[in-house]
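# Per-entry structural report
Residues per chain are reported as follows:
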Amino acid sequence: MTAQRRQLQIAVIGAGMSGLCMAAKLQDAGIENYTVFEQADDVGGTWRDNTYPGLTCDVPSRYYTYSFRPNPEWSRLLSPGPEIQAYFRRVAEDLGIRPHIRFGTEVRAARFVDGRWFIDTGSGEEESFDVLITATGVLRLPRYPDIPGLETFAGPMFHSARWDHSVSLPDKRIGLIGTGSTGVQITAELGGKVRALKVFQRTAQWIFPTPNLRYSPLTRAALRRWPKLNEVGYRGWGFYIRQLLGRATVQPCWQRRLVQTACRWNLRLSVRDAELRRKLTPNYQAMCKRQVLAGHFYPAVQRPGVEVITDAIEAVEPRGVVTADGTLHELDVLVLATGFDARAYVRPMQIIGENGLTLEEAWADGPTAYRSVAVPGFPNLFMLMGPHSPIGNQSLITIAEDQADYAIWWINQIRDGRITAAAPTEAATKDYNEQMKAAMPQTIWVTGCSSWYIGRDGLPELFPWTPERHRELLRNPEPAHFDVRSA
Ligand SMILES: Cc1cc2nc3c(=O)[nH]c(=O)nc-3n(C[C@H](O)[C@H](O)[C@H](O)COP(=O)(O)OP(=O)(O)OC[C@H]3O[C@@H](n4cnc5c(N)ncnc54)[C@H](O)[C@@H]3O)c2cc1C
């Protein structure tokens, strides 16, 4: 059977966590003929681009690890960004993925013609592939706030994902706009260490208490010596995260009450000043927005020189930020921790499927997909972290692994000559999306808050079931839901 297998050419777009995962799975399946296109000059995606002070993982790093590449060396429960980036670099190196990556090569368009995907990188020559995998990320394109006068600010101003390390901070008055996970991490790191830190808060966040414990050299040596121990840690943290946040977010249950109670008590016990506590108390339920897990935010926000400003921002002028009460907050540096365009997915790259159908047209009413990974009219295209992936408070690595395995299943069908092309049917995709819509009212994300989870139709663009269900759906492909073609 193996001898008759077709030699496929596979294109993977993106060399972040997902693209590397896909590459590793392709190699594991014995497929060496693949190319990873990466517009930047290094692997790592998120972890390459985000270098802000205080960046850590916010799921335990033991679990934010490829299942096939354990790492006993994590220094902390939630390891720092540079360590995570070093891990991805090592994976690319050790597994021999690097030679397959074409760095500095942005894919501008991909077109499906006569059963093959043609990739346009702007070089003038198109290359063709049997299968196209997009691993272009979801929190990738920085979103800038629309504040009058923003561009007139006289000092250094940058987005958290484009940190300017040439700016020395200790002697500066820093303004921080945005209080999501990133804003919380920056505050926890800079609070008390700079001349002044003014945190402009539109919405308060619930903080789930998570002390960032350090792994001792002895623990690391033990994990190195007994890999099974490391595996127990991986499984244990995975179980904890899935059982706690994986359940609490998608159905009313005791885990939901537990997380909410823990957040309330965390605030009450950590912030003694009633006025500050009032400012930091959200007016929505914990987990409605992406849940923040942190250990040092509340202590940091109470340090001298840190101020939480809840008056709305009216404008930015050269000297600083003007709030609705008319106060000018004079600043030397302005940091925009204002998140990402979470709805861009593969864009601005153009994807053109059968009969000239563009992804833009297919997604005219908002991004949808079959089980997050495939789109009707786009044969042999598989997306990692596509629409409605379970990107809430889970380790996205396990999600990428499930999605990559799903793509491998279809790739094997093509390799073995059973089929030449496959795309989900309109009916199956519609049915799947309707089931998701029906499940949304059970989720915490619809309980009355504004968040980047919410799509244009007012519903969360998330997976409304447990992480186990996601795995089950992707481990059991249903060919009847696909239009398949054979030679
Ligand atoms: C600050 C921050 C903290 C996070 N913390 C966590 C966490 O603790 N736990 C967790 O599970 N998740 C976390 N995430 C989510 C994180 O994005 C994912 O875990 C993961 O890194 C996503 O990997 P990816 O490969 O899918 O996407 P990305 O890391 O975004 O990588 C996509 C890659 O594709 C490339 N690319 C895109 N378009 C093209 C194109 N047209 N041509 C060529 N190359 C292209 C990009 O340059 C990039 O390298 C965090 C995200 C952010 C922003």
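Presented here is an overview of the structure given in this document.

Criteria and thresholds
Residues numbered from 1 in each chain as written. Predicted model: local features only at pLDDT ≥ 70, side-chain atom pairs only at ≥ 80, totals over all residues. Heavy atoms only, no water. Pairing = 2+ DSSP bridges. Helix = DSSP H or I, 4+ residues; strand = E, 2+ residues; numbered from the N terminus. Axes fitted to C-alpha atoms, helices over the stretch in contact; angles between N-to-C directions. Buried < 20%, exposed > 50% of the residue type's maximum accessible area, 1.4 Å probe, protein only. Near = heavy atom within 4 Å. Polar contact = N/O pair within 3.5 Å; in protein donor to acceptor, adjacent residues only side chain to side chain. Areas by Shrake-Rupley, 256 points an atom, 1.4 Å probe, with all protein chains shown as cover. Nonpolar A, V, L, I, M, F, W, Y, C, P; charged D, E, K, R; others polar. Salt bridge = Lys/Arg side-chain N within 4 Å of Asp/Glu carboxyl O.

If you trace the five strands from one edge of the open sheet to the other, you get 8-17-9-10-13, paired in parallel fashion. For this open sheet the edge positions go to strand 8 (157-159) and strand 13 (306-309), each flanked by a neighbour on one side alone. Averaged over all pairs of adjacent strands, the angle between strand axes in this sheet comes to 20°, irrespective of strand direction. The pairing of strand 8 with strand 17 (residues 333-336) spans three bridges and is parallel. Bridge pairing in strand 17 places Phe158 opposite Val335.

Right, let's talk about unusual backbone geometry for a bit. With an omega dihedral of 15°, the bond running from Arg347 to Pro348 counts as a cis peptide bond. If you trace the backbone, Pro348 turns up in the loop between strand 17 and strand 18 (350-352). The phi dihedral of Asp114 falls on the positive side, at around 50°, and the residue is not glycine. Mapped onto the secondary structure, Asp114 falls in the loop between strand 4 (109-113) and strand 5 (116-120). Here Asp114 falls in the exposed class, since its relative accessible area comes to 78%. Positive phi is not limited to glycine here, since Ser372 has a value of about 70°. On the secondary structure map, Ser372 appears in the loop between helix 10 (359-362) and strand 19 (381-383).

Taken together, 35 residues form the shell around the ligand, and within it Ser18, Glu38, Thr46, Asp58 and Tyr64 come nearest. For the ligand, an oxygen atom lies 3.0 Å from a polar atom in the backbone of Met17. Ser18 has a polar side-chain atom sitting 2.6 Å from an oxygen atom of the ligand. In isolation the ligand offers 970 Å² of accessible surface; the protein chains occlude 97% of this area. Residue assignment for the shell around the ligand shows that the elements contributing at least two residues are helix 1 (17-28) and helix 2 (46-49). Counting residues per element, the shell around the ligand draws most heavily on helix 2, which supplies three residues. Classifying every residue of the shell around the ligand by side-chain character gives 16 nonpolar, 14 polar and five charged.

Strand order in this open sheet of four strands is 6-5-4-18, and the pairing throughout is mixed. Of all strands in the sheet, those bounded by a partner on one side alone are strand 6 (127-129) and strand 18. Along the sheet, successive strands turn relative to each other by an average axial angle of 20°, direction set aside. Sheet analysis places strand 5 next to strand 6, joined by three bridges and oriented antiparallel. Of the residues in strand 6, the one forming a bridge with Phe118 is Ser128.

The final tally for this structure, using the stated rule, is 30 salt bridges. Asp42 is paired through a salt bridge with Arg89; the nearest N and O atoms lie 2.5 Å apart. Here the residue Asp42 occupies a position in the loop between strand 2 (34-37) and helix 2, and Arg89 occupies one in helix 3 (residues 81-94), the gap between them amounting to 47 residues. Across the pair Arg102 and Glu127 runs a salt bridge whose closest N-O atoms are separated by 2.6 Å. With Arg102 in strand 3 (residues 101-102) and Glu127 in strand 6, this pair connects stretches of sequence that are 25 residues apart. For Arg102, a relative accessible area of 32% corresponds to the partly exposed category. Among the ionic contacts, a cluster of salt bridges with common partners joins Asp42, Arg89, Glu93 and Arg98.

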